[in-house]
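Structural overview for review
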Amino acid sequence: MNEDVLGQHYTEVPGQRVVAAALRAAYAWSVRDVHRNAAMLEIARMTGVVMEVHGPGLGPVAPVELVEHLRAPLGHLLAGVRGQPAELADVVLLDEDGRLTENAYDLVCEHVIPLKDVAGERSWLPTWTTMHSDQIRQRVFTAMITSTKQDEYVGSRKFLIEHPAGGEQELVELRDRAGGIRLAKGGYRDIPEEQIYRASDGRGWWWPCLDCKWPMAVTSVGKVRCRYRPHNAVFDLVPGNRPSLRRRDGARRPAPPAGQAAEGAKCVDAGVWRFVVVPGASELRIAASAERAGAKVSLWPFLDRFDLLVAAGGEKFAVDVKECLSLSALIGRLRTRPPSARILLPKSCEWQLETLEDALPGLAVVTETKFLGQIRSAVRKAR
Ligand SMILES: [Zn+2]
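Residues numbered from 1 in each chain as written. Predicted model: local features only at pLDDT ≥ 70, side-chain atom pairs only at ≥ 80, totals over all residues. Heavy atoms only, no water.

Here's the deal with the coordination of the zinc ion
Taken together, the protein ligands of the zinc ion are C209 (SG), C212 (SG), C226 (SG) and H231 (ND1), with distances of 2.2 to 2.4 Å. Positions of the donor residues of the zinc ion along the chain correspond to the pattern C-x2-C-x13-C-x4-H. On the criterion of sequence distance, the pair formed by C212 in the loop between β6 (204-206) and β7 (217-218) and C226 in the loop between β8 (223-225) and β9 (234-238) is long-range, its members being 14 residues apart. Assigned by exposure class, C212 and C226 land together as buried. (Donors = N, O, S within 2.8 Å, 3.2 Å for Na, K, Ca; no water. Helix = DSSP H or I, 4+ residues; strand = E, 2+ residues; numbered from the N terminus. Buried < 20%, exposed > 50% of the residue type's maximum accessible area, 1.4 Å probe, protein only.)

This is the structure:
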């Protein structure tokens with residue numbers, strides 16, 4: 001048993017250890033040109049973790065063998081390991097060019113657990129490869145909760161979600177204008193190179209996702225897309241000294257975002273984006289829809305006991321938005337920590353409804369579509 005930052009206990013399952021070690025090794029491999037020795041050392045360490053889980057004579061016994069496994073479906077590496085997440089069996093972590101796959105960024109990251117026995121300062125490893133999503137969230141929110149003033153907490157969290165990237169000066173001005181914003185020190189950092197397009201004149205450009213506003217990934221094949229695939233933003237890059245984006249489907253609306261200069265631009269860390277900004281964008285979208293329908297919405301009431309308290313007509317609705325692409329991770333979390341409000345599955349996760357209800361009978365759960373229908377009808381009834 002381990003204790004996480006929330007003081008809650010969880011048991012490390014062997015399958016989770018292998019997945020966490022595999023993702024760390026895959027990330028290290030993908031940046032081995034930049035962090036040469038540290039990356040190779042990390043891959044060796046992770047090979048040790050995987051070997052220890054498998055036991056003598058089973059599984060990969062050398063770093064080069066582990067890397068080979070990372071290019072194949074995870075099911076092979078997880079064969080015979082107790083507690084393996086079935087949904088990851090077909091997932092591959094590294095593509096042919098040795099880069100992390102999209103699945104690594106938006107699905108496997110939800111399975112990360114901290115590997116206690118290989119702890120130590122490794123600042124080049126991003127938080128989303130070493131920390132549990134709850135730990136990342138907790139770290140961000142601690143800075144906001146110090147004041148225990150609900151309006152400062154809401155203002156700060158909203159600011160982070162609405163401004164996950166921008167020019168450094170612009171972000172400072174926006175923050176000063178908003179007032180009462182409390183964010184963790186060093187919260188914004190340089191935009192990673194793989195989210196920047198370098199024109200032939202050396203100037204860098206980035207593009208905010210239309211849904212989450214975080215810099216989209218720029219792939220080697222001239223594609224620009226948000227790393228969170230449900231955001232459904234894929235564009236073709238039109239190169240040049242003033243590069244632009246073109247929609248792949250040829251539709252005109254919504255228009256692609258305009259390119260922004262990378263010089264002096266900052267963005268929140270990938271872990272904060274994935275576990276605070278991405279779900280936050282859905283929370284704000286649902287709140288805005290409810291308000292448009294004539295309801296009154298309180299965000300993250302009682303310092304985040306749940307996500308939305310909606311007063312519509314004479315009725316009150318409390319919901320906790322769960323934006324979790326991994327259904328097994330979601331079910332596991334709801335089992336260990338029962339929610340304090342009805343679960344709301346946002347649009348990108350509505351497909352999970354039936355399986356979730358089957359796995360957790362008695363759980364109160366609703367989809368975004370159905371929930372907004374209930375709000376509209378409550379407002380209508382009161383008129
Ligand atoms: Zn996005």
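Let's talk about the pairing of strand β12 (residues 265-268)
Burial along β12 is two-sided: the residues A265 and C267 and K266 and V268 are all buried. Pairing between strand β3 (residues 165-167) and β12: three bridges, direction antiparallel. Of the residues in β12, the one forming a bridge with G166 is K266. When strand β4 (residues 188-190) meets β12, the two strands line up antiparallel, connected through three bridges. Opposite Y188, over in β12, you have V268 as the bridge partner. (Pairing = 2+ DSSP bridges.)

Some remarks on the packing of helix α8 (residues 150-162) against helix α10 (residues 270-292)
Remark: α8 packs on α10, axes separated minimally by 9 Å, with the N-to-C direction vectors making an angle of 100 degrees. Classed by the angle they form, the pair α8 and α10 counts as roughly perpendicular. Two secondary-structure elements touch here, α8 through R157, K158, L160, I161 and E162 and α10 through V272, V276, V277, G280, A281, E283 and L284. Taken together, the residues of the contact of α8 with α10 break down into seven nonpolar, one polar and four charged. (Axes fitted to C-alpha atoms, helices over the stretch in contact; angles between N-to-C directions. Parallel < 35°, antiparallel > 145°, perpendicular 65-115°, else oblique. Contact = heavy atoms within 4.5 Å. Nonpolar A, V, L, I, M, F, W, Y, C, P; charged D, E, K, R; others polar.)

Let's talk about a positive patch on the surface
Residues R292, R376, R380 and R383 make up a contiguous surface patch of positive charge. Summarising the element assignment, R383 is placed in the segment after α14 (368-382). (Patch = residues over 30% accessible without salt bridge, like charges linked within 9 Å, V, L, I, M, F, W, Y side chains within 5 Å. Areas by Shrake-Rupley, 256 points an atom, 1.4 Å probe, with all protein chains shown as cover. Salt bridge = Lys/Arg side-chain N within 4 Å of Asp/Glu carboxyl O. Lys, Arg positive; Asp, Glu negative; His and termini not counted. Charge placed at Lys NZ, Arg CZ, Asp CG, Glu CD.)

Brief notes about helix α12 (residues 327-336)
In an α-helix, one turn spans 3.6 residues, which is why side chains three or four residues apart end up on the same side. Those residues of α12 lying buried are L327, A329, L330, I331, R333 and L334. Residues of α12 that are buried in the fold lie against α7 (133-145), β16 (342-345) and α13 (353-359).

What about the environment of P114?
With respect to the helices, strands and loops of the structure, P114 is situated in the loop between α5 (102-106) and α6 (127-130). The buried category is assigned to P114, whose relative accessible area is 9%.

Considerations on the domain arrangement of the protein
Domain parsing of the protein yields domain 1 (2-131) and domain 2 (137-269). Each of domain 1 and domain 2 was reduced to a C-alpha centroid, and the two centroids are 27 Å apart. If you look at the interface, domain 1 gives nine residues, while domain 2 gives 10 residues. Here domain 1 and domain 2 share an interface that buries about 920 Å² over both sides, 44% of which is from carbon and sulfur atoms. Three residues, E102, Y105 and D106, lead the burial of domain 1 against domain 2; their summed loss comes to 52% of the area buried on that side. Taken together, domain 1 and domain 2 are joined by two salt bridges. Our count for the contact surface shared by domain 1 and domain 2 stands at five residue pairs in polar contact (both at pLDDT 80 or more). (Domains from an automatic or database assignment. Buried area = accessible area lost by both parts, 1.4 Å probe. Polar contact = N/O pair within 3.5 Å; in protein donor to acceptor, adjacent residues only side chain to side chain.)

Some words on the state of the cysteines
As enumerated under the stated definition, the model contains zero disulfides in all. Residue C324 stays outside any disulfide, its sulfur separated by 7.3 Å from that of C349, the closest cysteine. Take C324: its relative accessible area is 5%, and that puts it in the buried class. (Disulfide = S-S within 2.5 Å.)

A short note on the nonpolar core
Ranked by internal contacts, the top residues of the largest apolar core, which has 120 residues, are L356, F371 and I375. Here this core takes 11 residues from helix α1 (residues 14-30), the largest share from any one element. Summarising the domain contributions, this core has at least three residues from each of domain 1 (2-131) and domain 2 (137-269). Not counting residues within four places of it along the chain, the set of residues in contact with I375 comprises A290, A293, A295, V310, A312 and F317. (Core = buried A, V, L, I, M, F, W, Y, C linked by side-chain atoms within 4.5 Å.)

Topic: empty space enclosed by the protein
Across all of its chains, the model carries one cavity of 30 Å³ or more by this definition. Considering only enclosed or pocket space, the largest cavity measures out at about 40 Å³ in volume. A per-class count over the lining of the largest cavity returns six nonpolar, no polar and two charged. (1 Å grid on protein atoms, 1.4 Å probe; cavity = no way out; pocket = protein on both sides within 12 Å on 5 of 7 lines; lining within 4 Å. Points joined across faces, edges and corners; volume = space filled by probe spheres on them.)

Focus on the pattern of salt bridges
Oppositely charged side chains can form a pair if their charged atoms are brought close together. Counting across every chain of the model gives 26 salt bridges. Between E152 and K149 there is a salt bridge, with its nearest N and O atoms 3.8 Å apart. Ionic pairing is found between D249 and R247, a salt bridge with its closest N-O pair at 2.6 Å. Accessibility expressed as a relative area gives 18% for R247, which makes it buried. In the salt-bridge network here, residues are joined through shared partners; they are D134, R137, R333 and R337.

Details of the confidence of the model for the protein
Averaged over all residues, the pLDDT of the protein equals 90, while 96% of them reach at least 70. Considering only residues more than four positions removed or in separate chains, one finds that residues 1-9, a stretch of pLDDT under 50, has 20 contacts. (pLDDT = per-residue confidence, 0-100.)

A short note on the sheet that holds strand β5 (residues 197-198)
Read from one edge to the other, the open sheet built from three strands follows the order β5-β6-β11, with strand pairing classed as antiparallel. The strands lining the two open edges of the sheet, one partner per strand, are β5 and β11 (260-261). Of the pairings in the sheet, the one linking β5 to β6 comprises two bridges and is antiparallel in character. Counted as the bridge partner of R198 is G204 from β6.

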